[in-house]
Structures are given as structure tokens and as C-alpha cells.
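# Notes for the structure review
Take a look at the letters that make up each chain.
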Amino acid sequence: MVGILQGATGASLFPTAPSAQSVLLDQIRATAAERFQQEKEAIDSASKSKSEALDAESERYVTVKAQINNAKIAVDSGKESITLARNLLLELRTSIYLAGEPGEDSKFRATEFDTKVAAINGEADSGGRAFNLVGYIDRTDFTPNSIEYRNNLGEGSTTLNGTYIGTDWRVRAADGKVWVPDLEADTLTQYSDIQGVIQKTTLSDGTETDKTTSTRNGIELVSYNPNTKAITFKVTIDPTLPPETVTGTLEQTGIGLMGSWFYQKLANSLGRDAAFDAIDTAEIELTSREAVLEQASALVGRDSRRVDQEIERISGEKSDVLLKQLKETENLQVTTVQQILAMQVNLDAMSQQQQYYLQAFAGFVRSPFLRINLQV
């Protein structure tokens, strides 16, 4: 038969046709490959969707963690401010001591004292209100500042109640008026009430002006009762006119320090002793306010640990998703190969059976074309 299909050169006149078994096996492989790709895409799609959901959740927790970190910065900054304030208190002691030394200029030391007190107040209010736990009090009722931040992905939040390491005060006069200091400008102004209207006064030249004086050289303490908070002081607005005597009640907040005017300008031992006592009290107050920050630090630490645990959980779940994707892909590959091999084994078995039939009936088959079909 081969000789009939060959030419003179011995080459076949027709290319050898693939067997039905090889064609069928190629079809099985192609179908298996297509099914593998479809199932692989389904696995990848499910893994991608889960990973994206976990990434989105992680990003939300990162936003929460950023707020917690800002709160921690506020706590740490507050502690640093307390340390600086404590150092300034030590320097105040030096100014008081030197003010009583022979040959020293007590007025200069009083000015030095006021500058350091102002520095403590400035340190209290340093930074923005949103991240300050030691300053920015509400001057209407002396309520300390507070910080609020989210602590989870829901509506949960934590509020850190602050404290005040500066010193603020006002005098509610017997006539109902209120004298309020400007801590930055070192001035004292009379108002009709808290957050009321600034009162006016007339100078010796007939000019009307705000009833404001300097806390550094326009006030003189007459008397003060620490038990009742009753205070009497003189206010000079126009140096050419007699000072005005004010009687009222001193209202304070913070660590209790006052300007040098409250301590007789450090000009005598009585005033200096009072200033030393005030510093002793201020140091105790700073320690108390440091404890408030420790409580805030504990709350921030608790929230930070919780969020860290959630972020770690999400990271673990994402790793599990990737491992599951790899495992499912591996299992799919193994199953696909097993199926192809099984089909190939079945086809080989069927082909072997055909060979048996061909051999069994070879004597009865005379047509070469029929023999070819049986072989196929």
C-alpha cells in the first residue's frame, strides 16, 4: 500500500494524516486548557476582590492610626512643655534670689521675672489648638482644651481632656466690672463683664481711651487674702492722674503664678518670699498636670495597640488570600493534568482494543482501505 502512494523518488504523494486518537487528544488538551484558564481567572478574580477589600480596610485603619499618632504627638509635646516650664521655674528662683542681693537692680530682676512668666504662658499656648493639651483654655470659664480623635472604623472616638500649665487670672471687681489681662501684651483691661464691652476712661488732656494699663508698671498690689481671694490693687492709666483703687475677687487658673507686681516687684523680702511660695505651688501643680498627660498617654497607647492589632490582622488575612490563590491554582493545575492523563490512558486503551480486533479479524479483512480504518 505504501508503495502505491509513493512516487518515483520514494516520497509520499500525500502527507501523513494525523490519527483520530492524536486529533482527539489535541482537542481534549485544548478544551482542558480553556477550562483551566476560565477557572484560573475566577480564582484570580476572587483573590483580587478580597485583596482590594482588605487593602481598603487597611487604608481606613491607617487613617485612624494617623489621628492617634497626632494625639500621641500632642501628649509628647505637652510633656516637653512641662519640662520647659519646670526649667523656667528654676530660673525664676534665680531672679528672685538675685533681686534681694546687695547691689542688684530689683527692677531689672522684676522685669526678668515677668519675661519668664510670659515665656511659661507662651509655652503653654505653643502649637495649634487642635494638638495642644496644656494650653488654649476657654477664658470664659477656664475650661482646659481637649482633643478628640477616631479610634476605630465606626463612630468610636476618644477624647483627651487637657490641662493648663500657664497662669491665667482676672479680677471681678466689687462694682461688677471685670479686669482681664492680655497675657501676650502684658496689659490689663476693664470690661463690663466677661466677654463684655471694653470700658472707657478720659485722660488728663480730655482724650477718651480704653481703660487699659500695663501689668508691668501700671498696677500696684495693696492687699490680698489667699483664703477669700479678696484683692485690692491700684491701677494707673494716666501717670498725670491719681491711680484708681480696685477692690474685688481674684479668679485664677493654671499653676498660680502672677506677675512681679503681685509680689511687690521683688523689692522687699515679703514680696520675694511670696514669690518663692508661689513657685513652690507652681511646681506641685506642674506635677499634678503631668499626671493628666500620663492618663492621656495611656488612652492613646490603648487605642494605638488596638489599631495595630487590626492592621496586623488584615495583613495576615491578605497573606492567607494570596496563599489560598496559589494553592487553588496549584490544585487546578494538578487536576487538569490528571484529567488529561486519564483521557490519554483511556484513548490508549481504546486504541489497544482496536488493535486486538484488527488482529483477530485480520484474516477476514481483505480491503486495504478498511484495514486502514480499523487501524485508525
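These notes cover the structure that comes with them. (Residues numbered from 1 in each chain as written. Predicted model: local features only at pLDDT ≥ 70, side-chain atom pairs only at ≥ 80, totals over all residues. Heavy atoms only, no water.)

### As for the overall build of the protein chain
- Scanning the protein chain from N- to C-terminus turns up 5 helices and 11 strands.
- When the 376 residues of the protein chain are sorted by exposure, 32% land in the buried category.
- Within the protein chain, contacts between residues separated by at least 24 positions form 61% of all contacts whose residues are at least 6 apart in sequence.
- For the protein chain, the accessible area works out to roughly 21,600 Å², and carbon and sulfur atoms hold 54% of it. (Helix = DSSP H or I, 4+ residues; strand = E, 2+ residues; numbered from the N terminus. Buried < 20%, exposed > 50% of the residue type's maximum accessible area, 1.4 Å probe, protein only. Contact = heavy atoms within 4.5 Å. Areas by Shrake-Rupley, 256 points an atom, 1.4 Å probe, with all protein chains shown as cover.)

### Quick look at the pattern of salt bridges
- Throughout the structure, instances matching the rule amount to 23 salt bridges.
- Between K65 and D308 there is a salt bridge, with its nearest N and O atoms 2.5 Å apart. Placement of the pair is K65 in helix α2 (residues 20-99) and D308 in helix α4 (residues 269-360), with a sequence separation of 243 residues.
- The exposure class assigned to K65 is buried, which follows from its relative accessible area of 17%.
- When the shortest N-O distance is used, the salt bridge between D280 and R93 registers 2.4 Å. Pair noted here: D280 is in helix α4 and R93 is in helix α2, with a separation of 187 residues, a long-range link.
- Of the residues examined, D280 reaches a relative accessible area of 34% and is grouped as partly exposed. (Salt bridge = Lys/Arg side-chain N within 4 Å of Asp/Glu carboxyl O.)

### Some details on helix α3 (residues 106-124)
- Under the 1.5 Å per step criterion, the end-to-end length of α3 is 27 Å for 19 residues, consistent within 8% with the ideal 27 Å.
- Of all the positions in α3, only S106, R109, A110, F113, D114, K116, V117, I120, N121 and A124 are classed as buried. Projected down its long axis, α3 carries its buried residues within an arc of 160 degrees, all on one side.
- Capping of α3 at its N-terminal end is provided by D105; its side-chain oxygen lies 3.1 Å from the backbone amide nitrogen of K107. (Expected span 1.5 Å × (residues − 1). Arc of directions from axis to C-beta. Polar contact = N/O pair within 3.5 Å; in protein donor to acceptor, adjacent residues only side chain to side chain.)

### Side note on the packing of aromatic side chains
- Summed over all chains, the structure comprises 7 aromatic pairs.
- With centroids separated by 5.5 Å and ring planes inclined at 85 degrees, the aromatic side chains of W261 and F262 adopt a geometry described as edge-to-face.
- Since its relative accessible area comes to 11%, F262 is described here as buried.
- In textbook terms, an aromatic cluster arises when at least three aromatic residues are bridged by ring pairs, as seen for F113, W169, W179, Y224, F233, W261, F262 and Y263.
- The ring of F142 carries the charged tip of R170 above its face, separated from the ring centre by 4.2 Å. (Phe/Tyr/Trp six-rings, centres within 6.5 Å; stacked < 30°, edge-to-face > 60°. Lys NZ or Arg CZ within 6 Å of the ring centre and 35° of its normal.)

### What to know about the sheet that holds strand β3 (residues 167-173)
- Ordered by their spatial adjacency, 7 strands build an open sheet running β8-β5-β4-β3-β11-β10-β9, and the pairing between neighbours is antiparallel. Each of the sheet's edge strands pairs with one partner strand only, and the pair in question is β8 (212-214) and β9 (219-225). Here the strands of the sheet are splayed against their neighbours by 30 degrees on average, with no regard to which way each runs.
- In this structure, strand β10 (residues 230-235) lies alongside strand β11 (residues 244-254), joined through 6 bridges in antiparallel fashion. In the sheet register, A230 faces β11, and the bridge partner there is T249. (Pairing = 2+ DSSP bridges. Axes fitted to C-alpha atoms, helices over the stretch in contact; angles between N-to-C directions.)

### Description of the environment of I340
- Structurally, I340 can be placed in helix α4.
- On the basis of relative accessible area, I340 is assigned to the buried category, the value being 17%.
- A sequence separation of 307 residues divides I340 from A33, and the C-alpha atoms of the two residues are 9.8 Å apart.
- Setting aside its immediate chain neighbours within four residues, I340 contacts R29 and A32.

### A look at empty space enclosed by the protein
- Inspection of every chain in the model, using the stated rule, returns 1 cavity of 30 Å³ or more.
- Empty space within the largest cavity amounts to approximately 210 Å³.
- Lining the largest cavity are 18 residues, with V117, W169, D186, T215 and G259 sitting closest to its centre.
- Those elements that provide at least two residues to the lining of the largest cavity are α3, β3 and β4 (178-182). (1 Å grid on protein atoms, 1.4 Å probe; cavity = no way out; pocket = protein on both sides within 12 Å on 5 of 7 lines; lining within 4 Å. Points joined across faces, edges and corners; volume = space filled by probe spheres on them.)

### What to know about the side chain of R272
- Tracing the backbone shows R272 in helix α4.
- Although R272 is buried, it forms no salt bridge, and the closest oppositely charged side chain is D273 at an N-O distance of 6.3 Å.
- Polar contacts involving the side chain of R272 include one to the main-chain carbonyl oxygen of L266, which spans 3.0 Å.
- Non-local contacts of R272, meaning those with residues more than four positions away in its chain, are made with I96, A99, G100, Y263, L266 and A267. (Lys, Arg positive; Asp, Glu negative; His and termini not counted.)

### Points about the pairing of β4
- Here β4 lies mainly inside the structure; 4 of its 5 residues are buried.
- As consecutive antiparallel partners, β3 and β4 are separated by 4 residues, and within that stretch G176 has a phi angle of approximately 95 degrees, a positive value.
- The pairing of β4 with strand β5 (residues 187-191) spans 5 bridges and is classified as antiparallel. Note on β5: the bridge partner recorded for P181 is L188.
- The antiparallel pairing of β4 with β5 creates a hairpin that spans 4 residues between the two strands, and D186 there sits at a positive phi of about 55 degrees.

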